[in-house]
Amino acid sequence: MENKTDLKQFFINQFDEFEKSLNGEKSSHFHHLRKSAFEEFRKLPLPTQKDEEWKYTNISPLLDYNFSRSAKKTDVSPDAVSKFLFDKMEHSLIVFINGRFSSELSKLTDIPKGVVIGSINEAIKENNPIVMKHLAQYAGFKNNIFTALSTAYTIDGAFIYVPDGINVADPVHIIFLTRAGNEKIITQPRNLFIAGKNSRISIIEHYVSDEASVYFTNAVTEIVAGENGIVDHIKLQEESINSFHISRMEVDQERNSNFSSHLISYGAEISRNDFNTRFNDQGGECMLNGLFLINGEQLFDAHTMIDHAKPHCKSHEHYKGILQDKSKGVFNGKVMVRQDAQKTNAFQQNNTILLSDNAVMNSKPQLEIFADDVKCSHGATIGKLDENSMFYLKSRGIGDEAATAMLIHAFASDVITSIKIEALRDYIEEIITKRFNQ
Amino acid sequence: MLLEIKNLHANIDGNEILKGINLKVNAGEVHAIMGPNGSGKSTLAQVLAGREEFEVTEGEVYYNGKNLLELSPEDRAREGVFLAFQYPVEIPGVSNTNLLKTAVNEIRKYRGEEELDSMDFLSLLKEKSKLVELDQKFLSRSVNEGFSGGEKKRNEIFQMAVLNPKLALLDETDSGLDIDALRIVANGVNKLRSKDNAIVVVTHYQRLLNYIIPDFVHVLYNGKIVKSGGKELALELEEKGYDWIKNGKEKVLV
Ligand SMILES: Nc1ncnc2c1ncn2[C@@H]1O[C@H](COP(=O)(O)OP(=O)(O)OP(=O)(O)O)[C@@H](O)[C@H]1O
Ligand SMILES: [Mg+2]
């Protein structure tokens, strides 16, 4: 990598070539958005630790690389994908390899009529009216360089549309598998999930790699939960240990909708998750639960914001972290209760266990309340495993390792048990077991 | 001899709590330790179980031919030492069954035995929960979480029954028990008595000793065993309190 240019300059230089490669897509309505996103990208500086929002997260290791926009064709067998499936779960599966939809590896169960589950690339080309209406409307690229980059260079991602009144019984499992060897690629999954009125769906966004390679995932997901809709979202991040994962999720909740989410994260060298939900109307409920397990020199950063813009909504946020070795965790959770948002009920909690003296957690739960008739609470704890519990277990003949594993499972258990899909709970328990019961 | 404590001194945060304990316990015996609040009874029990917060500054402890103080807390348990806590710890998220299954299998592994399969393990749990009349529903609940005081104590004895220790240290297992529970727990303990194991009970009350009849009674005061006797000593204490011992000791000191 002799002629290394900085990450930003690199993508500025590439844009012409990228546009040419789009061919027919240039005529899509989306294209003018691309162009303005590109202009925004050109204008914005890359974040540094001087920015309040990036104070504890140093992304300079990411800037050491020029990531290529596409990989050589790789053959991925169904067996390679099956490692990441959950046992005993009926589901629709859509698979992306190195950022591109793979129809051979995807498998849709009987999905109800009118429901769309597939690649957003095709939908953009076809000027799908739902995509045109919603895409890039929630995750604005103004003042967000990574979203600007995603929007300018959008290629593919998952698109799910559930029409009004439809209940999609089987969860949709979306696998983003990156396998690019030494090629150091960037993938930019661009996901859009639209759930109509009185509809219901569960979506699992699953980022994986079966390598320890260096790559960059810059994901943007936009979700709309329509009136009375129920959306259950799980993001499971098990990327390569040497990768960079930057993601943004924007959720828009209509009247009386219910959105629940779990962010389970344990891969990537650096992972940054910007996760914002907004109540657009009354009566909404949301749950944001998170669990991150990091070791070595990993860094995990969650910046969440729950916007109580309207009255009579309820939010519950609970993030839990387990840090080993020299890992670093960041939790910055904002709950905004606007003047209008009377009768808001908001709960926020962040608990972290440090298993090493060299691990560092920065936790900043924030409540900003501008309404007066509300019920809100927040808090954070950072500590070691409870010594009394540890001694109690040991006094029963349980060794250090097994006792630690038991207490870690116990610590994580309330987040895990709140996941509705049993097969997924088992999968996550297994991840913890693998890490702590060697 | 199963347990021999010689001139044991222990500190916590720089304060000396145990000031030279001597005690010998043979297999088949039951010893009761009594004494006023704060005299060091729980400290002694915890030091024997291996609590690291206490620093042993002097003395020796031999258990079953081994230097007990050199063993980790888990190895002590695997060698057959069991402590029923005065204040059992609540561990949300760890079920009683899970704790016991892990414990039983870790102990078996240490002894070079095969792990118990689920069926055998469950029938062991069933049998032992009957012994202490513990409702099955407690098995799936988190360890001691939300248990009443008496339920916690009963759960300690249940764990003891499952782990079948050689040396059981029962720290005020009787306090907080209602009259029926006291009898049940005491019966449970008595069923576990054998010529091969020994029991040390820490208690404030004679009534437990009506059920679990001790071979020896010791009075621990101010970090030392100041008086030892047979089971009648407990009756005498019940009647007269501790003052005569405290005073007597002062006289000796003068
Ligand atoms: N961390 C500590 N620092 C100082 N003193 C301590 C500490 N922990 C315990 N102690 C003291 O050690 C003494 C012995 O306590 P211990 O719990 O062994 O008493 P005990 O005989 O079991 O009393 P009880 O009958 O009330 O259960 C007490 O005076 C107690 O306050
Ligand atoms: Mg005590």
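Undergrad: When you look at the domain arrangement of chain A in this model, what are you seeing that I'm missing?
TA: Frequently, the measure chosen for interface size is the accessible area that the parts lose on association. All names here are of chain A. Domain assignment breaks chain A into domain 1 (1–244), domain 2 (282–384) and domain 3 (385–438). Placing a centre on the C-alpha atoms of domain 1 and another on those of domain 2 gives a separation of 25 Å. Listed by partner, the interface residues are 6 residues for domain 1 and 8 residues for domain 2. With both sides pooled, the region where domain 1 packs onto domain 2 buries about 600 Å², and carbon together with sulfur makes up 48% of that total. When residues of domain 1 are sorted by the area they lose upon contact with domain 2, E53, Y56 and T57 head the list and together hold 71% of the total. Inspection of the region where domain 1 meets domain 2 yields 1 salt bridge. The closest approach of N and O atoms between K364 and E52, which form a salt bridge, is 3.7 Å. Counting across the interface, domain 1 meets domain 2 through 3 residue pairs in polar contact (both at pLDDT 80 or more). A class-by-class count of the residues in the side of domain 1 that touches domain 2 yields 2 nonpolar, 2 polar and 2 charged.

Undergrad: What am I meant to see in the coordination of the magnesium ion (ligand 2) here?
TA: Think of it this way: four donors in a tetrahedron around the metal ideally sit 109.5 degrees apart, and six in an octahedron ideally sit 90 or 180 degrees apart. Residues and elements named next belong to chain B. Every protein donor of the magnesium ion (ligand 2) is listed here as S42 (OG) and Q86 (OE1), and their distances to the metal cover 2.0 to 2.1 Å. With S42 in helix α1 (residues 41–49) and Q86 in the loop between β6 (81–84) and β7 (91–95), this residue pair connects regions lying 44 residues apart in the sequence. Using a relative accessible area of 14% as the deciding quantity, one classes Q86 as buried.

Undergrad: Mind showing me how you'd approach the environment of R396 of chain A here?
TA: Looking at where R396 of chain A falls in the secondary structure, it is placed in the loop between α8 (387–394) and α9 (400–417). Expressed as a C-alpha distance, the spacing of R396 of chain A and E430 of chain A, which sit 34 residues apart in the sequence, is 24 Å. Those residues in contact with R396 of chain A, other than ones at most four positions away along the chain, are A77, F82, L83, A84, F85, L99, A103, I107, E156, Q159 and L163 of chain B. Looking at R396 of chain A, its side chain comes within polar contact range of the main-chain oxygen of L83 of chain B, at 2.6 Å.

Undergrad: What exactly am I supposed to notice about the sheet that holds strand β20 (residues 375–383) of chain A here?
TA: Across a sheet, strands are paired by hydrogen bonds formed along the backbone, either parallel or antiparallel in direction. All names here are of chain A. The sheet built from 10 strands is open, its strands ordered β2-β1-β5-β8-β10-β12-β14-β16-β18-β20 with mixed pairing. Whereas interior strands pair on both sides, the edge strands pair on one side only; in this sheet they are β2 (100–107) and β20. The mean angle between the axes of side-by-side strands here comes to 10 degrees, regardless of whether they run parallel or antiparallel. One ladder, built from 9 bridges, connects strand β8 (residues 200–209) with strand β10 (residues 230–238); its direction is parallel. Bridge pairing in β10 places Y207 opposite Q237.

Undergrad: Explanation requested: the environment of Y110 of chain B in the structure shown.
TA: Along the chain, the position of Y110 of chain B falls in helix α3 (residues 96–110). Beyond its immediate sequence surroundings of up to four residues, Y110 of chain B is in contact with D75, R78 and E79 of chain B.

Undergrad: Quick question: what am I supposed to make of a negative patch on the surface here?
TA: Taken together, the side chains of D87, E422, D426 and E430 of chain A make up a negatively charged region of the molecular surface. The residue D426 of chain A is located in helix α10 (residues 422–436) in this model.

Undergrad: I keep staring at the site of ligand 1 and nothing clicks. Help me out?
TA: Residue and element names in this part refer to chain B. Contacts to ligand 1 come from 15 residues, most closely from G38, K41, S42, T43 and H204. At a separation of 2.5 Å, an oxygen atom of ligand 1 approaches a polar side-chain atom of T43. Between Q86 and ligand 1, the recorded distance is 3.0 Å, taken from a side-chain N or O atom to an oxygen atom. Expressed as a share of its isolated accessible area of 640 Å², the protein-covered part of ligand 1 is 65%. For the shell around ligand 1, the element with the most residues is α1, which contributes 3 residues. Residues belonging to the shell around ligand 1 are distributed by class as follows: 3 nonpolar, 9 polar and 3 charged.

Undergrad: Got a minute to help me understand the sheet that holds strand β12 (residues 224–229) of chain B in this structure?
TA: All names here are of chain B. Here we have 6 strands laid out as an open sheet, ordered β6-β9-β10-β3-β11-β12, and mixed in their pairing. Bordering the open sheet on either side are β6 and β12, each of which pairs with just one other strand. The average angle at which neighbouring strand axes cross in this sheet is 20 degrees, direction not considered. Strand contacts of helix α5 (residues 149–163): β6 and β9 (167–171), with the helix running at about 170 degrees to β6, the strand carrying the most contacts. This element, helix α8 (residues 232–240), spans β3 (30–34), β11 (216–221) and β12 of the sheet and lies at about 45 degrees to β11.

Undergrad: Sorry, what's going on with the interface of chain B and chain A here?
TA: Of the residues lining the interface, 32 residues belong to chain B; the matching set on chain A comes to 18 residues. For the pair chain B and chain A, the summed buried surface comes to about 1,900 Å²; carbon and sulfur atoms form 65% of the total. Joining chain B to chain A, the criterion identifies 1 salt bridge. The salt bridge partner of E156 of chain B is R396 of chain A, with a shortest N-O separation of 2.8 Å. Remark: the boundary between chain B and chain A carries 9 residue pairs in polar contact (both at pLDDT 80 or more). If one sorts the elements of the side of chain B that touches chain A by residue count, α3 of chain B sits on top with 6 residues.

Undergrad: Whenever I open this one, the pattern of salt bridges confuses me. Can you help?
TA: As a working rule, side chains carrying opposite charge can pair if their charged atoms are close by. Residue and element names in this part refer to chain A. Inspection of every chain in the model, using the stated rule, returns 31 salt bridges over all chains. Taking the shortest distance from any N to any O, the salt bridge between E19 and K35 comes out at 3.3 Å. Of this pair, E19 sits in helix α1 (residues 7–21) while K35 sits in helix α2 (residues 31–43), and the two are 16 residues apart along the sequence. Across the salt bridge formed by D414 and K320, the nearest N and O atoms sit 2.8 Å from each other. With D414 in helix α9 and K320 in strand β16 (residues 314–323), this pair connects stretches of sequence that are 94 residues apart. On the basis of relative accessible area, D414 is assigned to the partly exposed category, the value being 36%. By relative accessible area, K320 is classed as buried at 8%.

Cut-offs and rules
- Residues numbered from 1 in each chain as written.
- Chains lettered and ligands numbered in written order.
- Predicted model: local features only at pLDDT ≥ 70, side-chain atom pairs only at ≥ 80, totals over all residues.
- Heavy atoms only, no water.
- Domains from an automatic or database assignment.
- Contact = heavy atoms within 4.5 Å.
- Buried area = accessible area lost by both parts, 1.4 Å probe.
- Salt bridge = Lys/Arg side-chain N within 4 Å of Asp/Glu carboxyl O.
- Polar contact = N/O pair within 3.5 Å; in protein donor to acceptor, adjacent residues only side chain to side chain.
- Nonpolar A, V, L, I, M, F, W, Y, C, P; charged D, E, K, R; others polar.
- Donors = N, O, S within 2.8 Å, 3.2 Å for Na, K, Ca; no water.
- Helix = DSSP H or I, 4+ residues; strand = E, 2+ residues; numbered from the N terminus.
- Buried < 20%, exposed > 50% of the residue type's maximum accessible area, 1.4 Å probe, protein only.
- Pairing = 2+ DSSP bridges.
- Axes fitted to C-alpha atoms, helices over the stretch in contact; angles between N-to-C directions.
- Patch = residues over 30% accessible without salt bridge, like charges linked within 9 Å, V, L, I, M, F, W, Y side chains within 5 Å.
- Areas by Shrake-Rupley, 256 points an atom, 1.4 Å probe, with all protein chains shown as cover.
- Lys, Arg positive; Asp, Glu negative; His and termini not counted.
- Charge placed at Lys NZ, Arg CZ, Asp CG, Glu CD.
- Near = heavy atom within 4 Å.

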